[in-house]
Every structure is written in C-alpha cells, then in structure tokens.
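Chain residues, written in single-letter form:
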Amino acid sequence: MISIDLNADLGEGFGRWTLTDDERLLSVVTSANVACGFHAGDAPTMRRVCELAAARGVRIGAQVSYRDLAGFGRRAMDVPPAELTAEVAYQIGALEVFARAAGTRVAYVKPHGALYNRVVRDEEQARAVLDGVLLADPTLPVLGLPGSRLLELAAKAGLPAVEEAFADRAYTDEGTLVARGQEGALVTDPEAVLQRSVDLARSGEVVALSGLRIEMRARSLCLHGDTPGAVDLARRVRDALEAAGVRVEAFA
C-alpha cells in the first residue's frame, strides 16, 4: 500500500498572539513542524504543543528559522555560517527539552520560510543548517524540498533525507516553490488541493504554475496551518488520501 506522512506548521504563536489551531490540527496530521521561537513560538507554546502532540502520537519536528520574529521568518537574511549553525542547534535543543518532558523526542528537522528556500540552492547556508543538526543530534532526519542542496548534503552525511511536497503551494517548472509575492503562489481552491494531494501521493507528480506536469516524489505532504479553514481542509485531504487507498502515517 502507498503511504505518505501529513505534516503542518504548528506552534506559530507568541505571547497572547495565536495563529494556528494546534489542538485540532494535531487530530489530523501525523507530523508537527513546531516553531522554535525564532520566526514564531515561545517557551509556553512549544511546551503545550509538545504535550498535545505526544498525547496524540504525532511526531514532533523542529522547524528552525532565521531569527526574524517581525518578518515571520520570511525575509531574506545573510547570517554567517557559524552563527547559523549555532542558532539551528539552539532551536533544536530548546524544543528537545519540551519534547522529552512530554515523554517523547524531536524526531526530525525542517527549515522554515526564507531559510527553507535559501538552502535549496545555497550550499554554504545548507551546510550551516546541516552542521547545526549534526551538533544537536547526528541521527535526526532532515525534511526538505526534493533536489535541494540541504537534502543532498544530509544524505552524504548519513542522515535520513526526507523529501516533502506542498499541496497548497504552486511550483515552478524547475520544481521549486513559486515566491509568495507572485500571483498564484498559493493554491486556494480546496478541490484543487485535494486533487493535488492524491496525485502527489499516488503518482509523484504535480502540475506547475505554467501547466507543466513535473515529477515531485515525496514521503511527506505539507499543509500550512496558518491559512483560513486549515483544519477542515487538512481533514478533507486526509479523508481523500485514505479514500484513494493511501495510508497516512508518520515517516519518522
């Protein structure tokens, strides 16, 4: 049977401000990319999400980012490699404390936002992120874009390199994500998201923004938790996958 992981970005609040419906999303997804305080999230939020995830058997991933609370981690930044390595390890370590307190552990690492896109092609930044992962835990899987420099370096270092696809983001013909500022970057039609999810899981293909059908094989499927109606859409995606004969289960 075909299987795929379903992940979402969670814990993206700060203080009195909340963005994602963590509790309800955790009833649907199999992996949770938890904000570690650099683009969103704070200590109480990280602890609460870890407890909720552990109680539901959802795998916890450290969603590491540039230090950019004001820009939600989506602004391009130039961070010296040694500094980025330390900050990635710092974020993983902080989340690990709360994961262990909840009776589980950090199961993987995924970059967020601008950092995610940067490490697709930038070898220096990708190596800095990987060095941070190795410093924190040299066994952690790394989740990222198929064909990225980050996953290539992770595989060479002996780490599990896990490819993911996005059901609600548009792709270029080269298989990279369309920049958020570009028209059509977000797929907002629920029916289109459902069809793309099933196609990605069953055929390993997706239709790019240009209309070209491209290969996009992935072990994990990401849905953004900060979009309107995210919980209901996630439930519909999971139901559609299972109806199509796809087993939804964590990769880690």
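Above: the structure in question.
Residues numbered from 1 in each chain as written. Predicted model: local features only at pLDDT ≥ 70, side-chain atom pairs only at ≥ 80, totals over all residues. Heavy atoms only, no water.

Caption draft 1: Structural detail: the overall build of the chain. Counting its secondary structure elements, the chain contains eight helices and ten strands. Here the chain has a C-alpha radius of gyration of 17 Å; the compact-globule value for 252 residues is 18 Å, and the two agree. Here the C-alpha coordinates of the chain stretch approximately 40 × 35 × 35 Å along the principal axes. Of the contacts formed within the chain by residues at least 6 apart in sequence, a portion of 72% connects residues at least 24 apart. Accessible surface, the chain as shown: approximately 10700 Å² in total, 51% of it carbon and sulfur. Side-chain charges in the chain split into 28 positive and 35 negative, and the spacing between the mean points of these groups amounts to 3 Å. (Helix = DSSP H or I, 4+ residues; strand = E, 2+ residues; numbered from the N terminus. Rg over C-alpha atoms; globule rule 2.2 N^0.38 Å. Contact = heavy atoms within 4.5 Å. Areas by Shrake-Rupley, 256 points an atom, 1.4 Å probe, with all protein chains shown as cover. Lys, Arg positive; Asp, Glu negative; His and termini not counted. Charge placed at Lys NZ, Arg CZ, Asp CG, Glu CD.)

Caption draft 2: Up close: the packing of helix 4 (residues 113–121) against helix 5 (residues 123–136). The N-to-C vectors of helix 4 and helix 5 enclose an angle of 115°; their axes lie 6 Å apart at closest approach. Here helix 4 and helix 5 pass one another in a crossing that is left-handed. Here L115, R118, V119 and R121 of helix 4 lie close against helix 5, whose contacting residues are E123, Q125, A126 and V129. Of the residues belonging to the contact of helix 4 with helix 5, the class tally is four nonpolar, one polar and three charged. (Axes fitted to C-alpha atoms, helices over the stretch in contact; angles between N-to-C directions. Left-handed = near helix turned anticlockwise from the far one by under 90°. Nonpolar A, V, L, I, M, F, W, Y, C, P; charged D, E, K, R; others polar.)

Caption draft 3: Region of the structure containing helix 6 (residues 149–156). Three or more residues of helix 6 are buried, namely R149, L150, L151, L153 and A154. Each element contacted by the buried residues of helix 6 is listed here: strand 4 (106–111), helix 4, helix 5, strand 5 (142–144) and strand 6 (161–166). Two residues or fewer after helix 6 comes G158, characterised by a positive phi angle close to 90°. (Buried < 20%, exposed > 50% of the residue type's maximum accessible area, 1.4 Å probe, protein only.)

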